[in-house]
Amino acid sequence: MELLNWATALPLIFMAVMGLALLAYVILDGYDLGVGMLLPLATHAEKDVMVSSIGPFWDANETWLVLGVGVLLVCFPMAHGLVLSALYLPVAVMLIGLIVRGVAFDFRVKARDAHKAAWNHLFALGSLVTTLAQGWMLGAYVTGFHTDLWSRLFAVGIALTLPAAYAMLGVGWLVMKTEGELQRKALRWGQGVLWPMGFALVGISLATPVVSHTVFHKWFALPGFFALLPIPLACVAAFFAIRHVLAAPRVVAAGYGWVVFVATVVIFVLAFFGLSYSIYPYIVIDRLTVWEAASATESLAVIGIGVAITLPVIVIYTIFMYRVFWGKARELTYGL
């Protein structure tokens with residue numbers, strides 16, 4: 001295989017774009033899904049502040065999902081057909097969850113007081129359903145869409161793990177964006193979800209090499225094992241950094257509450273790169289390589305022009321949006 005060849009390089013470039021877009025989606029939409037799942041734990045007034053904290057961002061965060069799936073569709077059509085055929089039902093469930101969540105977000109503000117609680121519950125339910133569906137899809141993808149018992153149990157395990165991880169992202173977001181009693185509550189919520197998240201992630205990490213021989217050989221062959229060891233060690237360090245800040249309100253009061261969110265993001269990023277290493281060069285593990293699934297080189301070259309224009313616009317817009325709406329959240333209000 002020639003290294004300096006557009007036919008080999010372009011599929012890798014688009015694979016990287018798709019992967020980074022999905023990582024951005026998981027982190028950015030992950031925290032607002034986490035906030036949605038935490039909503040039932042708050043008081044009436046606190047719910048308005050929590051929704052306000054994600055109000056300017058949550059819809060735009062989903063742009064990254066559209067970009068990632070769009071790249072999969074046009075750049076890797078064979079993989080797109082295989083993936084979405086295998087995940088048709090969980091994708092449909094995820095979309096239903098996103099729709100319910102979007103409708104509830106708008107209606108909860110405009111509904112009468114007697115109906116507002118129902119829309120709050122639907123917003124939380126939509127967030128949970130979306131997260132469970134995404135967890136199942138990730139688990140099914142890692143196992144190569146096998147349907148044996150252990151593969152199914154593995155998918156269930158990730159489906160149950162992801163809500164805890166997203167909730168921790170939501171806790172970190174609320175610690176940064178709120179203050180007073182709601183911020184203190186967020187710290188307590190984080191203490192409640194931290195260890196379940198940690199144990200679940202450890203369990204999934206140990207189970208992944210068991211359900212996938214490809215992953216086992218990638219991680220436990222020497223000397224690669226020692227080269228990869230910093231990834232789990234860094235995750236452990238990030239975990240205990242979160243634990244320290246959650247248990248130390250003085251640290252948060254001193255302005256270091258952001259550590260919770262950043263350390264959780266570090267765990268997500270390290271897990272992403274660990275997964276990327278595990279499945280390379282496959283786009284569907286053990287079934288399709290990046291090059292086998294890719295569109296023609298000429299098509300990728302044309303698509304690359306569009307991506308080269310679109311991707312910087314999305315990045316610049318995202319950065320601008322977060323700069324404009326940064327700061328502590330207040331109760332959500334709508335002009336009449």
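Read on for an overview of the structure. Here the residue numbers are simple positions, counted from 1 along each chain's written sequence. Two thresholds apply to this predicted model, a pLDDT of at least 70 for residue-level local features and 80 or more for giving and counting side-chain atom pairs, whereas whole-chain, interface and lining totals are computed over all residues. The side-chain values count all of the structure's non-hydrogen atoms but skip hydrogen atoms and water molecules.

1. So, the overall build of the protein
In this text, helices come from DSSP runs of H or I with a minimum length of four residues, and strands from runs of E with a minimum of two, each type numbered from the N-terminal end. Within the protein, the regular secondary structure consists of 16 helices and two strands. It is over C-alpha atoms that the radius of gyration is taken, and the globule rule equals 2.2 Å times the number of residues to the power 0.38. Against the compact-globule benchmark of 20 Å for 336 residues, the protein has a radius of gyration of 21 Å, which places it among compact chains. Referenced to the eigenvectors of the C-alpha coordinate spread, the extents of the protein come out at roughly 60 × 45 × 40 Å. Sorting the 336 residues of the protein into buried and exposed places 49% on the buried side. Here's how the labels work: a residue is buried when its accessible area is under 20% of the maximum for its type, exposed when over 50%, partly exposed in between, all with a 1.4 Å probe on protein chains only.

2. Quick look at the environment of I309
Along the polypeptide, I309 turns up in helix α16 (residues 297–324). Considering only alpha carbons, one finds I309 and L82, 227 residues apart in sequence, at a separation of 28 Å.

3. Notes on the side chain of N61
Within the secondary structure, N61 is located in helix α3 (residues 58–61). For N61, a relative accessible area of 1% corresponds to the buried category. At a separation of 2.9 Å, a polar atom in the side chain of N61 contacts the side chain of D32. Those residues in contact with N61 that lie beyond four places of it in its chain are Y25, L28, D29, Y31, D32 and Y322. Polar contacts here mean pairs of N or O atoms no more than 3.5 Å apart (in protein, one a potential hydrogen donor and the other a potential acceptor; neighbouring residues in sequence count only if both atoms are side-chain atoms). Contact definition: two residues touch when any of their heavy atoms are within 4.5 Å.

4. Observations regarding the packing of aromatic side chains
In this description, a pair of aromatic rings is defined by centroid distance and the angle of the planes. Stacked, edge-to-face and tilted are the three classes for Phe, Tyr and Trp ring pairs, Trp counted by its six-membered ring, which pair at centre distances within 6.5 Å; planes under 30 degrees apart are stacked, over 60 edge-to-face, the rest tilted. Taken as a whole and judged by the stated rule, the model has 20 aromatic pairs. Where W58 meets F105, the ring centres are 4.9 Å apart and the plane angle is 45 degrees; that geometry is what we call tilted. Here W58, found in helix α3, pairs with F105, found in helix α6 (residues 88–110); they are 47 residues apart in sequence, far enough to count as distant. F105 gets classed as buried once you look at its relative accessible area, which sits at 5%. Aromatic ring contacts, followed pair by pair, group Y31, F57, W173, F261, Y322, F325 and W326 into a single cluster.

5. Structural notes on the packing of helix α4 (residues 63–75) against α16
Angle between the axes and distance between the axes are the two parameters that describe a pair of packed helices. In contact at an axis separation of 12 Å, α4 and α16 are set at 175 degrees when each is read in the N-to-C sense. Judged on the interaxial angle alone, α16 and α4 are roughly antiparallel. Counting all contacts with α4, which are made through T63, W64, L67, V74 and C75, the residues of α16 involved are L300, I303, L311, I314, V315 and T318. Residue polarity follows a fixed list, in which Ala, Val, Leu, Ile, Met, Phe, Trp, Tyr, Cys and Pro are nonpolar, Asp, Glu, Lys and Arg are charged, and the others, Gly among them, are polar. Residue composition of the contact of α4 with α16, by class: nine nonpolar, two polar and no charged. What counts as an axis is a line fitted to C-alpha atoms, over the stretch in contact for a helix, and the angles between N-to-C directions run from 0 to 180 degrees. When describing relative orientation, an angle under 35 degrees is termed roughly parallel and one over 145 degrees roughly antiparallel, while 65 to 115 degrees is termed roughly perpendicular and anything else oblique.

6. With respect to the side chain of H80
Residue placement: H80 occurs in helix α5 (residues 77–86). Overall, the relative accessible area of 16% leaves H80 in the buried class. Here H80 is in contact with V69, L72, L73 and S85, once residues within four sequence places are set aside.

7. Remarks on the nonpolar core
The term nonpolar core refers to a set of buried residues drawn from Ala, Val, Leu, Ile, Met, Phe, Trp, Tyr and Cys, joined through side-chain atoms within 4.5 Å. Residues Y31, M50, F76, M168, W173, W189 and I283 are the most contacted members of the largest nonpolar core, which totals 96 residues. The dominant element in this core, judged by the number of residues it contributes, is helix α1 (residues 6–38), at 16 residues. Ignoring anything within four residues of it in the chain, the contact list for M168 reads G190, V193, L194, M197, I242, L246, V260 and T264.

8. Overview of α16
A helix is expected to span 1.5 Å multiplied by its residue count minus one. The end-to-end C-alpha separation of α16 is 40 Å, in line with the 40 Å expected for 28 residues at 1.5 Å each. The complete set of buried residues in α16 reads L300, V307, I314, T318, M321 and Y322. Considering only its buried residues, α16 is in contact with α1, α3, α4 and α8 (149–177).

9. A look at the pattern of salt bridges
We define a salt bridge as a side-chain nitrogen of Lys or Arg found within 4 Å of a carboxyl oxygen belonging to Asp or Glu. The final tally for this structure, using the stated rule, is seven salt bridges. Where R108 meets D48, a salt bridge forms, and the shortest distance between an N and an O atom there is 2.7 Å. One end of the pair, R108, is in helix α6; the other, D48, is in helix α2 (residues 44–54), with 60 residues separating them in the sequence. Note on R108: relative accessible area 1%, which makes it buried.

10. What about the environment of T131?
Relative to the helices and strands, T131 is located in helix α7 (residues 113–142). On the accessibility criterion, T131 (0% relative accessible area) is buried. Residues T131 and A159, spaced 28 residues apart in sequence, show a C-alpha to C-alpha distance of 7.4 Å.

11. Describing the environment of S151
Assignment of secondary structure puts S151 in helix α8. S151 sits 100 residues away from V251 along the chain, and the two C-alpha atoms are 42 Å apart. In this structure, S151 is in contact with T143 and H146, ignoring residues within four places of it in sequence. Side chain to side chain, S151 and D148 meet in a polar contact 2.8 Å long.

Function cannot be read off these values alone, since they describe shape.
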